[in-house]
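Examining the three-dimensional arrangement
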Amino acid sequence: MTTIDARERGGDLAGSTGIPNERRAHRRDDLEMLGLLLGILLVLLVLALTIGVGQVYLT
């Protein structure tokens, strides 16, 4: 059975910027979490405004 010598090379970096894949993945996860939180806040804001406007018409 033969084995292949796997050495770290420049190909292990994401793109040509020299940023490792791990850092990019972490940054992408942070952006996804931020987007999710902003989306939830937006939905809550729309609900609050909708309920607030509904209260005006009920009186």
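Quick caveat: nothing in here was measured; it's all calculated off a predicted structure.

Cut-offs applied
Residues numbered from 1 in each chain as written. Predicted model: local features only at pLDDT ≥ 70, side-chain atom pairs only at ≥ 80, totals over all residues. Heavy atoms only, no water. Helix = DSSP H or I, 4+ residues; strand = E, 2+ residues; numbered from the N terminus. Areas by Shrake-Rupley, 256 points an atom, 1.4 Å probe, with all protein chains shown as cover. Patch = residues over 30% accessible without salt bridge, like charges linked within 9 Å, V, L, I, M, F, W, Y side chains within 5 Å. Salt bridge = Lys/Arg side-chain N within 4 Å of Asp/Glu carboxyl O. Buried < 20%, exposed > 50% of the residue type's maximum accessible area, 1.4 Å probe, protein only. pLDDT = per-residue confidence, 0-100.

Scanning the chain for helices and strands turns up one helix and two strands. Of the roughly 5800 Å² of accessible surface on the chain, a fraction of 64% belongs to carbon and sulfur atoms.

Here the focus is a nonpolar patch on the surface. A cluster of nonpolar residues, L31, M33, L34, L36, L37, L38, I40, L41, V43, L44, L47 and I51, forms a patch on the protein surface that exposes about 1200 Å² of accessible area. Summarising the element assignment, L41 is placed in helix α1 (residues 21-58). Owing to a relative accessible area of 53%, L41 belongs among the exposed residues under this scheme.

The subject of this paragraph is the confidence of the model for the chain. Close inspection of predicted coordinates is inappropriate for parts of the model with low pLDDT. Here the chain averages 77 in pLDDT, while 61% of its residues score no lower than 70. Here strand β1 (residues 13-14) stands out as the element of the chain with the lowest mean pLDDT, 49, in contrast to α1, whose mean of 87 is the highest.

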